[in-house]
Amino acid sequence: MRSHFSREISFIGHRRQFLTLSCVLVILSIVGLVLRGLVFGIEFTGGTEVDFYETGGVTIEQMRGALEVADEGTATVQTTTMQGEAGFLVRSDTTDPATANAHAQAAAKSLGLTSDNYTVTTIGPDWGADTTRSSLMAFGVAILLIIAYVSFRYEFKMSITAVAALIHDLVITLGVYAWFQIDISPNVIAALLTIMGYSLYDTVVEFNRMNENAKQLRDGVHRTYFEICNFSINEVIVRTINTTVVTLVPVICMLAIGGATLKDFAFAILVGEVLGTYSSFAVASPLLAIWKTREPKWAKLEARYGSAAKAEAAPAVDAAEKNEPKEG
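Everything quoted here is computed from the prediction, not taken from an experiment. Every residue gets a number counted from 1 within its own chain, in the order that chain's sequence is written. This being a predicted model, a pLDDT of at least 70 is required before a residue's local features are given, and a value of 80 or more before pairs of side-chain atoms are given or counted; all residues contribute to the totals for chains, interfaces and linings. The side-chain numbers reported here are obtained from all heavy atoms of the structure, hydrogens and water having been left aside.

A. Highlighting the packing of aromatic side chains. Only the six-membered ring of Trp is used, alongside the rings of Phe and Tyr, when aromatic pairs are assigned; centres must lie within 6.5 Å, and planes under 30 degrees apart are stacked while those over 60 apart are edge-to-face, with the rest tilted. Taken as a whole and judged by the stated rule, the model has eight aromatic pairs. Where F11 meets F281, the ring centres are 5.0 Å apart and the plane angle is 55 degrees; that geometry is what we call tilted. Note that F11 is positioned in the segment before α1 (15-35) and F281 in helix α9 (residues 260-292), a separation of 270 residues in sequence. A residue is classified by how much of its surface remains accessible, and F281, at 13% relative accessible area, is buried. Counted as over-ring charges are cases with an Arg CZ or a Lys NZ within 6 Å of the ring centre that also lie within 35 degrees of the ring normal. The ring of F226 has R15 sitting right over it, with the charged end atom 4.1 Å from the ring centre. Helix and strand labels come from DSSP, where a helix needs a run of H or I of at least four residues and a strand needs a run of E of at least two; each type is numbered from the N terminus. The cut-offs for exposure are 20% and 50% of the maximum accessible area for each residue type, with area from a 1.4 Å probe on protein chains only; residues under the lower value are buried, those over the upper are exposed, and the others partly exposed.

Next up, the structure:
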C-alpha cells in the first residue's frame, strides 16, 4: 500500500452522493412496484399465449377486432418481428386448451390466416403457482448461501453489505420492469439470478483487496478504513470495468438481434450488470467502510488520521509553515 493517493479516484469521498442516488433509485423503484406493479407472464399467472407470425399486412387494430369477435376481447396484443416477418403476440387469461385453440382458430380465420400462421401455448394456474414458489425459493437459498460463504471466507459484516448491494440491484431492476410494464418471464428470473452472481463477483473482488490491505496496515501508509477502502477500489476498478464491458458486448448483441426469448434475458442482464458494477463501489464498499469505522480499532484511527483530524491539523501546519525562517 502507498501513502500518496493523489491519483486515486475519490470513491469513498463521494460516498454520501452515491448512497443518496441509490436511495432515490430504490424509492422510485418501490413507488413503481406499488403504483404500477409487476406484469407477470402466463408462466406465473396461468393463461394462453398465441404467437401469430407471417401475418402480412394485418394491423394491430384488425387483430384486436378479430380477437374480440372470437371472444378474446380482453387479451393483450403486441407486435413482433421474426426473421423480418411481422407478427403478433397475444396473451389472455384463458386456461382451457380446447377453448384457447378454438378462439385462436376463429381469429385466424377471420383474418384470412391458416393454422400454419399461429401457435398456441396454454399454461394452467397450478403450474404458474409452482413456478412462482420455485423462483422465490431459489432467491431465498441464493441469499442464504451468499451470507454463509462471505461470512466464512471474510466476515459477517461483509456478507450483510454484499447482500444489501444485491437487494439494491434487484429492487431497481424490478422497478424498471414495473415502470415500463415489461413482462416477468422465467427467462427474466434466470437473468435476475445471474445478476446476483455478477454483482457478488465485483463486490467480493473489492472486499478481498480491502481485507488484504487491512492486514498490511502500518504507519506511514493508509491508516483509516475509509482510506483502505478507497485505495482497494482503485486497485481493482479497471478490472471491474473491463469485465463489465466484455460481458455487456454479447448481451447488447442479444438485445439488438436476438429473438423475443433472448431479448427478455438480455434486457434484465443489461440493467443488472450495470447496476452490479455500480453498487460494488457505490453501495457495498461504502456501507462496509462506514460500519467498520465504528469498530473501536478503526474509530481510533479515524479520529487520529481521518479527514476531520486532518482538517483540524491543517491550520496549525499552515501557521508553522509561515513561521519557518526563510533560507537566505
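Anyway, onward from the coordinates.
B. Molecular detail of a nonpolar patch on the surface. Nonpolar side chains collect at one region of the surface, where V24, I27, L28, I30, V31, V34, L35, W179 and F180 lie side by side and expose about 900 Å² of accessible area between them. Sorting elements by how many residues they give to the nonpolar patch places α1 first, with seven residues. Along the chain, I27 falls in helix α1. Accessibility expressed as a relative area gives 53% for I27, which makes it exposed. Residues qualify for a patch when their relative accessible area is over 30% and they have no salt bridge, like charges being joined within 9 Å and the nonpolar side chains of Val, Leu, Ile, Met, Phe, Trp and Tyr within 5 Å. Note on areas: Shrake-Rupley, 1.4 Å probe, and residue coverage restricted to the protein chains presented here. Take a side-chain nitrogen of Lys or Arg and a carboxyl oxygen of Asp or Glu: if they are within 4 Å of each other, that pair is a salt bridge.

C. Region of interest: the environment of A214. Inspection of the secondary structure assignment puts A214 in helix α7 (residues 186-215). Residue classification places A214 among the buried positions, given a relative accessible area of 16%. In sequence terms A214 and I228 are 14 residues apart; their C-alpha atoms lie 6.6 Å from each other. Once residues within four sequence positions are removed from consideration, A214 is found in contact with Y225, I228 and W298. Contact definition: two residues touch when any of their heavy atoms are within 4.5 Å.

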